[in-house]
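Per-entry structural report
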Amino acid sequence: MKKIPLANPLAGTTGTENMTSKPTLAFLGIGLMGSRQAARLLDAGYPLTAWNRTRAKAEPLAARGATIADTAAEAVAEADIVITMLEKGATVAEVLFDQGAANAMKPGSLVVDMSSIRPAEAQDHATRLAERGIGHLDAPVSGGTVGAEAGTLAIMAGGEAAEFARAEPLFAVMGRATHVGPHGAGQLAKLANQIIVGVTIGAVGEALMLAEKGGADPVKVREALRGGFAESRVLELHGQRMVERDFEARGRAAVHLKDMTNALDAADRLDLDALPLSAVTRDLFQGLLDNAGDLDHSALIVELERLNGIEPKG
């Protein structure tokens, strides 16, 4: 991956930030994650304007002190730092460039894109923003809605060190941030995370299915595995959802499918010939969506059961 030098001499010098203790924020994308992240920033005393394509999703933040904007361009006009939490790279590009948000931003402002998108898309956005005198970090997260609400997200940031330092106080409100490299590196770290989580969900699903098919109690098998070398957050949380058959979407299967597809795209761009475990996991998520719908990603066990002719429970 080619590093793009995007130093921004205007970064961190806006008048608003010098006159107040906290920068003025705009938050674009008030979904399951964004609503919780924005709420934490408001509770921490940051002045914040929120925008969402469906305005009704943003309006509850008004009770916490947010200003609700009708357009993305309106939301960012006075912002020192703009946070985006949108579904995919094409949506980020549409909001920033097609809907006029980037043109409405102040020179010297900073975009912190916390969406999960392709590394190449993050690099392209950084280049286009730098041409306007605007800084950029790609800073996707892991931890789901539970982590977003508790402020315990793992945040993986790519971009210039000075821009990372500028955003660190915001990151501290939302979780634990690590600067992992240049533009696009944050997205690569998130894809690494999603490979590990997705493959492990599949492994836990296979293991519990095998145990139950042979007559063992999957609840007790999960308990027996806890604390040994098989222990993981996936066994703890997703394994519990599997044995309880609780597949209400906390981490959507469609989103994980997108991330696995993006991981394979990144591998291709980096001339890696094979990510076999990622490819199989991507196909399993596709099968889950095709046959059972957009459930929680722990429902991957349902697709494994279908492939083995096992009638799903619950």
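Note that the coordinates shown come from a computational prediction; the quantities given were computed from them, not determined experimentally. (Residues numbered from 1 in each chain as written. Predicted model: local features only at pLDDT ≥ 70, side-chain atom pairs only at ≥ 80, totals over all residues. Heavy atoms only, no water.)

Focus on helix 12 (residues 233–244)
The line we're drawing: The helix count covers DSSP runs of H or I at least four residues long, the strand count covers runs of E at least two residues long, and both are numbered beginning at the N terminus. Expected span, for any helix, means 1.5 Å times one less than how many residues it has. Exposure classes here rest on a 1.4 Å probe applied to the protein chains alone. A residue is buried below 20% of its type maximum, exposed above 50%, and partly exposed in between. Directions pointing from the helix axis toward each C-beta atom define the arc. Any two residues having at least one pair of non-hydrogen atoms within 4.5 Å are treated as being in contact.
The first and last C-alpha atoms of helix 12 sit 16 Å apart over 12 residues, in line with the 16 Å expected at 1.5 Å per residue. Where helix 12 is concerned, the buried positions are V234, L235, H238, G239, R241 and M242. Considered in projection along helix 12, the buried side chains sweep an arc of 155° and stay on one side of the axis. Each element contacted by the buried residues of helix 12 is listed here: helix 10 (185–213), helix 11 (218–225) and helix 15 (300–307). Residue R245 follows helix 12 closely and has a positive phi angle near 55°.

So, the side chain of T145
Topologically, T145 is positioned in helix 8 (residues 144–150). In contact with T145, other than residues within four places in its own chain, are L32, M33, R36 and R250.

Let's talk about the side chain of K258
The test is simple: Any N or O atom pair separated by 3.5 Å or less is treated as a polar contact, with the protein-specific requirement of one donor-capable and one acceptor-capable atom, and with residues adjacent in sequence counted only for side-chain atom pairs.
Residue placement: K258 occurs in helix 13 (residues 253–269). One polar contact links the side chain of K258 to the main-chain carbonyl oxygen of S116, over a distance of 2.8 Å. Leave out the neighbours within four places in its chain, and K258 touches E87, K88 and S116.

Quick notes on the pattern of salt bridges
Applied cut-off: Each salt bridge in this description consists of a side-chain nitrogen of Lys or Arg and a carboxyl oxygen of Asp or Glu lying within 4 Å of one another.
Applying the stated rule across the entire model yields 21 salt bridges. Note that R36 and E149 form a salt bridge whose closest N and O atoms lie 3.4 Å from each other. Remark: E149 occurs in helix 8 and R36 occurs in helix 2 (residues 32–43); sequence separation between them is 113 residues. The partly exposed category is assigned to R36, whose relative accessible area is 26%. As a salt-bridge pair, E303 and R306 come within 2.8 Å of each other at their nearest N and O atoms. Within this pair, E303 and its partner R306 are both found in helix 15, separated by 3 residues, close to a single helical turn. Judged by its relative accessible area of 4%, E303 is buried.

Quick notes on the nonpolar core
In globular proteins that are soluble, nonpolar side chains generally tend to be buried together. Defined as follows: Put simply, a nonpolar core is a bunch of buried Ala, Val, Leu, Ile, Met, Phe, Trp, Tyr and Cys residues held in one set by side-chain atoms that sit within 4.5 Å of each other.
Of all hydrophobic cores here, the largest spans 34 residues; its most connected members are L41, L48, L61, I83, V112, M114 and F171. Residue assignment for this core shows that the elements contributing at least two residues are strand 1 (25–28), helix 2, strand 2 (48–51), strand 4 (81–84), strand 5 (110–113), strand 8 (153–159) and helix 9 (161–174). Sort the elements by how many residues they give to this core and helix 9 lands first, with 6 residues. For I83, the contacting residues outside a window of four places in its chain are A26, F27, L28, L41, V112, M114, L170 and M174.

Concerning unusual backbone geometry
Phi is positive for R245, which is not a glycine, with a value near 55°. The topology assignment puts R245 in the loop between helix 12 and helix 13. Of note, D271 is a non-glycine position whose phi angle comes to about 60°, a positive value. With respect to the helices and strands, the residue D271 is situated in the loop between helix 13 and helix 14 (276–291). Of the residues examined, D271 reaches a relative accessible area of 66% and is grouped as exposed.

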